[in-house]
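Residue-level structural notes
Residues per chain, in single letters:
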Amino acid sequence: AGLPLVVETMRALGVDEVADAELPSPQRQGGFAPADKIEALVTLIAAGGDRVEDVRILAEDKGLEKLLGTPFPSPDALLDFLGQFHDPTCWKDRPLEKKAWVAPESDGLRGLEAVNRAVVARGAERHVTQATIDHDGTIIEAHKREATTAYEGTRGFQPLVAVWAEQQLIVADEFRDANVAGGEDPLSSVERAFANLPSWVSERRFRADSAAYYTPLLKYLVREKIGFAISADMTRELRACCLAVAEQRWARLDTREREEVDLAEVEFTPGDWPRDAWPLRYIALRFTPRQQELFESKGVRYHAMVTNRHELDAADLVRWHREKAGTIEHVHRVMKDELAAGVLPSTRFGANAAWFRINALTFNVLTVLKRRALPERLREARPKRLRYELFTLAGEIAVHQSQTSVRVPVGNQRLDEIIAARGRLLDLYDDCRA
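Residues numbered from 1 in each chain as written. Predicted model: local features only at pLDDT ≥ 70, side-chain atom pairs only at ≥ 80, totals over all residues. Heavy atoms only, no water.

One can find L317 in helix α11 (residues 314–322). Judged by relative accessible area, L317 falls into the buried class, the value being 0%. Setting aside chain neighbours within four positions, we find L317 in contact with R281, I283, M305, T307, R309 and L312. (Helix = DSSP H or I, 4+ residues; strand = E, 2+ residues; numbered from the N terminus. Buried < 20%, exposed > 50% of the residue type's maximum accessible area, 1.4 Å probe, protein only. Contact = heavy atoms within 4.5 Å.)

Here it is, written out as C-alpha cells:
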C-alpha cells in the first residue's frame, strides 16, 4: 500500500511529462508510452526487483495496479525499451581489440539524462545553495560476452558517478567498460555534473580520489573557480618533496590503533602546470606504523592531496576531503546492493547504460521522497528500510461511490505517515508547476 508513493513522487516532479518528451517513442502504435515504462522500471527497482522479469510479480498485484491507475508493461516490452537506448553508430569508431575507449552516448541516453536533470532541479531543496560534487567510479561485475577486464582483474563495467553531497542526489553518471580506468578523461563526466546543477547553486566544490588527478580537470576547476580537494598521484618527484620535509614541520593529525598520521604542507608544482598560474596547495600525509606493527608493516607510507582552497587549515581540508567516503561510497553500495545496478539485463552496452541510469534515477526519486515528503525519522533510510516500513504495508482495496480507498490496520502510524506524505507530494506537484 505504500509503494504508490514512488510513482506519486515521480508524477509530482513531472517525470512523466519529461520522459514522454525526451525518450524514444513506442516501437509500435498503441504501445506503452515512455513515461509508463520509466514508472514501471523505477517502481520495480524501488520494490526490490533486480531483473526486468520481476515486473510480473508487480503485475500480479491487481490492488497495486488499481492504485497506480495503469497496468504494468510486460518484461519483453521493457527489454525492448531498454534496447532502444543502444545505438550501434555510437560504436563505429571503437578501436580494435577492445582497447580502453569511452563511447559517445546515444540520443536516448541523453534524453534519459534530461529526465534525471529535471528530477534534480525540481526535487532539490532550494535553500541549499552550495553544491559539493563527490566523484568516483565503481566496478560492476558481469560476465557477458562484451564485458572487459578492470585493473584488478574483475570482468564487467566501470561507470563514473557524481553525487551532490549536500542533497544526496546523483547529478551525473557515465557508463564505461571495465578496462577504462577512472583517470581516463574524467573531465567530461565532471563537466556534465556541474552543468546539471540547478541555476540557484551559487557555490561549487569538488572532491575525488587520485583518478581525478588529471591536469585538464585541475585546470578546468581552477578556471571555473571551483574549490576542490583531490588525492594526488605519489610520483617520484612528489615523494622526494615529502621525504625532504623537516621533522619539526610534521603535525599530528590522527593517532590510530596501528599507525600515526602526520601532515605537512609541501611546495610542489606539477611539471606541466603553467608557471604564471596561481600555485596549487599540496598537503602531504605520513603514515607511520606504531611500535607493535613495525615487523609486519611495509614501513612509512606517504599520501598527498592537492587543493586550491586556501581559507582552511591543512587538517580541516584533509577531514573535509575524507567526508566524500560517506557520500559517494554510500551511493555505490546502495545502487549495487539495495537497488539493481549490480545486475545488468543485456548484452548491449547502451541497454546496460540505460539500466544503470534508471537506477540512478530511482535513487534520486527515493531521496526526494525521503527529504520532501516522509517524516524526519526516514530521512536517511536506505531502500530496504523503506520497503520494510512502507512499501510492503498490506492494505485492502475498497471502492465506494466510484472512489477508491485502501484500508490498513486501525491506528497504524505508517498510515498517518503515508497520508501526510501524499499531502506534501501534492504541494511539491504545485511547486513544480508554479
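So that's the structure; there's more coming.
Before going further, it helps to spend a moment on the pattern of salt bridges. Scanning the entire structure with this criterion turns up 34 salt bridges. Of the charged contacts, one joins R204 and E224 as a salt bridge, the two residues approaching to 3.4 Å between their closest N and O atoms. Taken together, the residues R204 in strand β7 (residues 203–208) and E224 in the loop between α9 (215–223) and β8 (227–231) connect sequence positions 20 residues apart. On the basis of relative accessibility, which here comes to 25%, the residue R204 falls in the partly exposed class. (Salt bridge = Lys/Arg side-chain N within 4 Å of Asp/Glu carboxyl O.)

Attention now moves to the pairing of strand β10 (residues 259–266). Counted residue by residue, β10 has six buried out of eight residues, so it is predominantly covered. Relative to β10, strand β9 (residues 251–255) runs antiparallel, the two being bridged by four bridges. Across the sheet, residue R252 finds its bridge partner in β10, namely D262. What sits between β9 and β10 in their antiparallel hairpin is a turn of three residues. (Pairing = 2+ DSSP bridges.)

This next bit is on the environment of Y220. Looking at where Y220 falls in the secondary structure, it is placed in helix α9. According to the relative accessible area criterion, Y220 is buried, its value standing at 7%. In this structure the C-alpha to C-alpha distance between Y220 and T138, which are 82 residues apart in sequence, comes to 23 Å. Apart from the residues lying within four places of it in its own chain, the contact partners of Y220 are L187, V190, E191, F194 and I226.

A separate point is the packing of aromatic side chains. Any aromatic ring pair is given by two values, namely how distant the centres are and how the planes are angled relative to each other. One pass over the structure, following the stated rule, counts eight aromatic pairs. Judged by centre distance (5.2 Å) and plane angle (85 degrees), the rings of F81 and F85 are edge-to-face. One exposure class covers both F81 and F85, and it is buried. Between F194 and F206 the ring centres are 6.4 Å apart and the planes differ by 50 degrees, which places this aromatic pair in the tilted class. Of the two residues, F194 sits in helix α8 (residues 187–195) while F206 sits in strand β7, which places them twelve residues apart along the sequence. In this pair, the class of F194 matches that of F206, namely buried. Its guanidinium or amino end placed over the ring of F287, R301 lies 4.7 Å from that ring's centre, counting from NZ or CZ. Seen from the ring of Y429, R433 lies directly overhead, with NZ or CZ sitting 3.7 Å from the centre. (Phe/Tyr/Trp six-rings, centres within 6.5 Å; stacked < 30°, edge-to-face > 60°. Lys NZ or Arg CZ within 6 Å of the ring centre and 35° of its normal.)

Fair warning: the whole summary comes from geometry, so function is off the table for now.
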